[in-house]
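Results of the structural survey
For reference, the chains in residue letters:
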Amino acid sequence: NAIQMYHYLKANIWLIEYRGFGDSDDAVINEAGLKMDAEAVWNYAHDNRNNNVDPKRLFVFGRSLGGAVAFHFGQYAQSQSTTTPTTTTTATITSTNNNNYPYPPLAGIIVENTFLSISEMVNHIMPYVAPFKSLILRMNWNSGAIAPTL
């Protein structure tokens with residue numbers, strides 16, 4: 001799929017492995033960590049200007065759980081695309097944008113086979129489990145609240 005996008009779009013594509021997935025480390029997979037991974041990609045793309053990334057043409061693509069990460073990426077990017085200093089706190093990481101110029105906004109978000117809320121998805125897919133979801137869900141991912149703000 002990524003190779004087809006590369007050839008069709010004639011664009012550079014970064015494939016990011018989240019912590020605990022693929023050949024990455026054995027870190028515990030949790031929502032806060034995946035959000036930090038997304039923020040690290042944004043920061044890398046903008047803080048390392050010599051890496052041949054045009055930040056004005058940066059799109060994010062997320063599939064399945066990656067869709068929720070993409071929505072967070074969009075929210076984080078939006079908070080960093082300002083002309084005034086801003087502070088964003090996610091989990092235990094605080095990032096401050098004190099640039100004299102704004103970062104360009106994210107060009108767009110593309111999601112495929114994702115969900116708007118894990119909690120709501122449990123309600124629809126596993127209604128018998130729904131009363132116990134507060135005991136078993138480890139991730140919240142409420143992309144439905146983020147989408148209208150982007």
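To keep things clear, this report deals only with the structure shown in the data block.

Conventions adopted
Residues numbered from 1 in each chain as written. Predicted model: local features only at pLDDT ≥ 70, side-chain atom pairs only at ≥ 80, totals over all residues. Heavy atoms only, no water. Patch = residues over 30% accessible without salt bridge, like charges linked within 9 Å, V, L, I, M, F, W, Y side chains within 5 Å. Areas by Shrake-Rupley, 256 points an atom, 1.4 Å probe, with all protein chains shown as cover. Salt bridge = Lys/Arg side-chain N within 4 Å of Asp/Glu carboxyl O. Helix = DSSP H or I, 4+ residues; strand = E, 2+ residues; numbered from the N terminus. Buried < 20%, exposed > 50% of the residue type's maximum accessible area, 1.4 Å probe, protein only. Contact = heavy atoms within 4.5 Å. Phe/Tyr/Trp six-rings, centres within 6.5 Å; stacked < 30°, edge-to-face > 60°. Lys NZ or Arg CZ within 6 Å of the ring centre and 35° of its normal. Core = buried A, V, L, I, M, F, W, Y, C linked by side-chain atoms within 4.5 Å.

This part is about a nonpolar patch on the surface. Together, Tyr 6, Ile 13 and Leu 15 make up an exposed nonpolar region whose accessible area comes to about 310 Å². Structurally, Tyr 6 can be placed in helix 1 (residues 2-9). The partly exposed category is assigned to Tyr 6, whose relative accessible area is 43%.

Within the fold, Ala 107 resides in the loop between strand 3 (93-97) and strand 4 (108-112). Residues contacting Ala 107, with those up to four places away along its chain left out, are Lys 56, Arg 57, Leu 58 and Phe 59.

What follows deals with the packing of aromatic side chains. The final tally for this structure, using the stated rule, is one aromatic pair. Note on Trp 42 and Phe 73: the rings are 6.0 Å apart at their centroids and 85 degrees apart in plane angle, and the pair reads as edge-to-face. With Trp 42 in helix 2 (residues 31-47) and Phe 73 in helix 3 (residues 65-80), this pair connects stretches of sequence that are 31 residues apart. The ring of Trp 141 carries Lys 35 above its face, with NZ or CZ at 5.5 Å from the centroid.

Attention now moves to the nonpolar core. In terms of nonpolar packing, the biggest core is built from 24 residues, with Leu 34, Trp 42, Phe 73, Leu 106 and Trp 141 touching the most fellow members. Contributing elements (two or more residues each) for this core: helix 2, helix 3 and helix 4 (118-125). Here this core gets seven residues from one element, more than from any other, and that element is helix 3. The contact partners of Trp 42, leaving out residues within four places of it in the chain, are Leu 58, Phe 73, Tyr 76, Ala 77, Gln 80, Ser 81, Tyr 103, Pro 104 and Leu 106.

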